[in-house]
Amino acid sequence: MNDDTRTAIVTGGSRGIGAAIAKRLEGDGCTVRRPLREELDLSDVSAVRVWAESDDTVPDALVLNAGENIPTPLEEMTTEHWQRTLDVNLNSCFELIRVYGPRMAARGRGRIVAISSFLSFRGRVGRGPYSASKAALDALIRVAALEYGPSGVLANAVCPGFVMTDLTLQNNDEATLAHLASTTALRRLGTPEEVAELVVFLAGDRNTYVTGQTLVIDGGYTCQ
Ligand SMILES: NC(=O)c1ccc[n+]([C@@H]2O[C@H](COP(=O)([O-])OP(=O)(O)OC[C@H]3O[C@@H](n4cnc5c(N)ncnc54)[C@H](OP(=O)(O)O)[C@@H]3O)[C@@H](O)[C@H]2O)c1
């Protein structure tokens with residue numbers, strides 16, 4: 001175990017980036033709770049709060065990873081679609097932070113890491129609610145860092161570029177994937193494991209002074 005992260009909650013740990021984070025934490029000897037959709041549907045925000053309040057865990061790390069992104073132009077967007085994306089990507093994070101944040105603060109230590117996106121500060125056609133949810137998530141994390149920082153809880157957002165997961169494969173055809181790779185400084189998409197490496201650092205006790213930040217991990221995609 002490379003640090004003192006002993007228990008963690010990771011949302012969206014069934015696959016993709018969340019599965020890589022959970023695997024990496026478990027490899028470090030951490031006990032990881034990764035509620036699957038059947039146990040915790042993040043689109044049902046009131047159920048998220050009930051779930052968290054009925055759980056007595058005081059996690060060392062809370063990793064808010066789950067997210068959805070169903071590309072749709074604004075003019076075709078339904079109110080329900082807009083609301084659902086905000087519920088899964090943002091409002092559920094608020095509910096989890098407001099339950100677990102005070103518990104970690106009362107214990108005097110903890111780490112919150114939210115998986116945001118480079119689309120929190122860049123636009124892309126069809127990503128209206130996704131971009132809005134991630135921009136607000138970055139803002140929420142800054143406030144959490146300020147409110148819980150005095151009690152030893154550090155909070156950060158990680159903004160991946162394009163990572164090879166089901167989400168990326170679902171939303172981009174082969175030609176687009178090739179174009180994205182060719183316009184990335186490192187000339188390739190990222191892997192879930194590369195994102196997990198940064199997340200595990202931020203979620204652990206080796207991170208003693210990084211808080212309230214949005215850290216971009218995108219192979220240089222947003223350099224230009
Ligand atoms: N991949 C990228 O290039 C990229 C780039 C920037 C940011 N991100 C962010 O990174 C995070 C992980 O993305 P990913 O690429 O690993 O996605 P993914 O492969 O689609 O996996 C998404 C995860 O979130 C869970 N999830 C989605 N909606 C849920 C809901 N309503 N309730 C409970 N769980 C739910 C999924 O559970 P199920 O297995 O049940 O569906 C799955 O575990 C997301 O927040 C995403 O926005 C990804």
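Just above, that's the structure.
In this report, the structure presented in the accompanying data block is examined. Numbers given to residues run from 1 along each chain, matching the order in which its sequence is written. It should be noted that, the model being predicted, local features are given only for residues of pLDDT at least 70 and side-chain atom pairs only at 80 or more, the latter also being counted only at that level, while totals for whole chains, interfaces and linings use all residues. Note that the side-chain values use all heavy atoms of the structure and ignore hydrogens as well as water.

1. Topic: the pattern of salt bridges
- Whenever Lys or Arg places a side-chain nitrogen within 4 Å of a carboxyl oxygen from Asp or Glu, that contact is recorded as a salt bridge. Applying the stated criterion across every chain, the model contains 15 salt bridges.
- Of the charged contacts, one joins Asp-166 and Arg-15 as a salt bridge, the two residues approaching to 2.8 Å between their closest N and O atoms. Taken together, the positions of Asp-166 in helix H5 (residues 166-171) and Arg-15 in the loop between strand E1 (7-10) and helix H1 (16-27) put the pair 151 residues apart, joining distant regions of the chain.
- Through salt bridges with shared partners, one network takes in Arg-6, Asp-60, Arg-107 and Arg-109. Numbering of helices and strands runs from the N terminus, with a helix taken as a DSSP run of H or I at least four residues long and a strand as a DSSP run of E at least two residues long.

2. Details of the site of the ligand
- Near, as used in this document, describes a residue that has one of its heavy atoms within 4 Å of the molecule or strand being considered. Contacts to the ligand come from 29 residues, most closely from Ser-14, Asn-65, Tyr-130, Val-163 and Thr-165.
- Two N or O atoms count as a polar contact when they lie within 3.5 Å, although within protein this holds only if one can serve as hydrogen donor and the other as acceptor, and sequence-adjacent residues are included solely when both atoms are side-chain atoms. Ser-14 is positioned with one of its side-chain polar atoms (N or O) 2.6 Å from an oxygen atom of the ligand.
- A distance of 2.9 Å is found between an oxygen atom of the ligand and a side-chain nitrogen or oxygen belonging to Lys-134.
- Only the protein chains shown count as cover for residues, and all accessible areas are computed by the Shrake-Rupley method using a 1.4 Å probe. In isolation the ligand has 890 Å² of accessible area, and contact with the protein removes 93% of it.
- If you list the elements that add at least two residues to the shell around the ligand, you get H1, helix H3 (79-107), helix H4 (128-148) and H5.
- Per-element tally for the shell around the ligand: the top contributor is H5, with three residues.
- Residues are grouped as follows: nonpolar covers Ala, Val, Leu, Ile, Met, Phe, Trp, Tyr, Cys and Pro; charged covers Asp, Glu, Lys and Arg; every other residue, Gly included, is treated as polar. Grouping the amino acids of the shell around the ligand by side-chain chemistry returns 11 nonpolar, 12 polar and six charged.

3. Observations regarding the environment of Ile-217
- Structurally, the position occupied by Ile-217 is in strand E6 (residues 214-217).
- Per-residue accessibility, obtained with a 1.4 Å probe over protein chains only, is compared with the maximum for each type, and a residue is labelled buried under 20%, exposed over 50%, and partly exposed between these values. For Ile-217, a relative accessible area of 23% puts it in the partly exposed group.
- The spatial distance from the C-alpha of Ile-217 to the C-alpha of Leu-198 is 8.3 Å, given a sequence separation of 19 residues.

Coordinates in, geometry out; function isn't part of it.
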